[in-house]
Amino acid sequence: MTQNDRDIDALVGDWLPMREAAKALNVSPNRIKQLIRDHKLLGVKRQGEVSIPAAFIVEGEVVKGLPGTLTVLADCGFSAEEALRWLFTPDDTLPGAPIEAIMASRGTEVRRRAQAMAL
């Protein structure tokens, strides 16, 4: 595990391997792969398998507002690791991390900030 991986792990906390994420969303692992390709979820390889931050799935659903934010970050040229770092790094102006704001139904402000980074 690289230092970058440890840094991201420290920010993200809990992860769901692809099969567990599929079970949590009641879909197949192939559907999880499609959601990742479509920027509706974000997954990275950890210890040899693709995993998704547990915070992205709440009560059997992808957190509302997350897919749009992931699309904006991808359009801005963020790698998966950069997007994770940005989503989970606390921002005093929000307050809290962008993922916390998304979970609190403040995704529009988060997407606005993500779009501003592209300019």
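The rules behind the values
- Residues numbered from 1 in each chain as written.
- Predicted model: local features only at pLDDT ≥ 70, side-chain atom pairs only at ≥ 80, totals over all residues.
- Heavy atoms only, no water.
- Pairing = 2+ DSSP bridges.
- Helix = DSSP H or I, 4+ residues; strand = E, 2+ residues; numbered from the N terminus.
- Axes fitted to C-alpha atoms, helices over the stretch in contact; angles between N-to-C directions.
- Contact = heavy atoms within 4.5 Å.
- Buried < 20%, exposed > 50% of the residue type's maximum accessible area, 1.4 Å probe, protein only.
- Arc of directions from axis to C-beta.
- 1 Å grid on protein atoms, 1.4 Å probe; cavity = no way out; pocket = protein on both sides within 12 Å on 5 of 7 lines; lining within 4 Å.
- Points joined across faces, edges and corners; volume = space filled by probe spheres on them.

Chemist: Got a minute to help me understand the sheet that holds strand β1 (residues 15-17) in this structure?
Modeler: Hydrogen bonding along the main chain pairs the strands of a sheet, whether they run parallel or antiparallel. The antiparallel open sheet is built from three strands, whose spatial order is β1-β3-β2. Both edges of this open sheet fall to β1 and β2 (44-46), since each of them pairs with a single strand only. Averaged over all adjacent pairs, the angle separating strand axes in this sheet is 50°, with direction ignored. Of the strand pairs in this sheet, β2 and strand β3 (residues 49-53) are connected by three bridges, and their pairing is antiparallel. When the sheet's bridge partners are listed, Lys45 is paired in β3 with Val50. Across the sheet, helix α5 (residues 80-88) lies against β1, β2 and β3, angled at about 90° from β2, the strand it touches most.

Chemist: When you look at the environment of Ser28 in this model, what are you seeing that I'm missing?
Modeler: By the secondary structure assignment, Ser28 is in the loop between α2 (18-25) and α3 (29-37). The exposure class assigned to Ser28 is partly exposed, which follows from its relative accessible area of 37%. In sequence terms Ser28 and Pro17 are 11 residues apart; their C-alpha atoms lie 13 Å from each other.

Chemist: Mind showing me how you'd approach α2 here?
Modeler: Since the α-helix packs 3.6 residues into each turn, any two residues three or four apart lie on the same face. For α2, every residue scored as buried is listed here: Met18, Ala21, Ala22 and Leu25. Taken end-on, α2 shows its buried residues confined to a sector of 100°, consistent with a single buried face. The exposed residues of α2 that point more than 90 degrees off its buried face are Arg19 and Lys23. Along its buried surface, α2 packs onto β1, α3, β3, β4 (57-58) and β5 (61-62). Backbone geometry just downstream of α2 places Asn26 in the positive-phi region, at approximately 60°.

Chemist: What am I meant to see in the layout of surface pockets here?
Modeler: One way to see where empty space is left: roll a probe the size of a water molecule over the atoms. Roughly 210 Å³ of volume is contained in the largest pocket. Lining the largest pocket we find 14 residues, and of these Val63, Lys64, Ile102, Met103 and Ser105 sit closest to its centre. Elements with a contribution of two residues or more to the lining of the largest pocket: β5, α6 (98-103) and α7 (107-118). Among the elements that make up the lining of the largest pocket, the one with the highest residue count is α7 (three residues).

Chemist: What's the story with unusual backbone geometry in this structure? I'm lost.
Modeler: Backbone geometry follows two general trends: most residues other than glycine have a negative phi, and most peptide bonds adopt the trans configuration. Across the junction of Leu94 and Pro95, the peptide omega takes the value -15°, indicating a cis bond. Within the secondary structure layout, Pro95 lies in the loop between α5 and α6. Of note, the phi angle at Asn26 is positive, near 60°, even though the residue is not glycine. Residue position: Asn26 is located in the loop between α2 and α3.

Any link to function would need more than the numbers given here.
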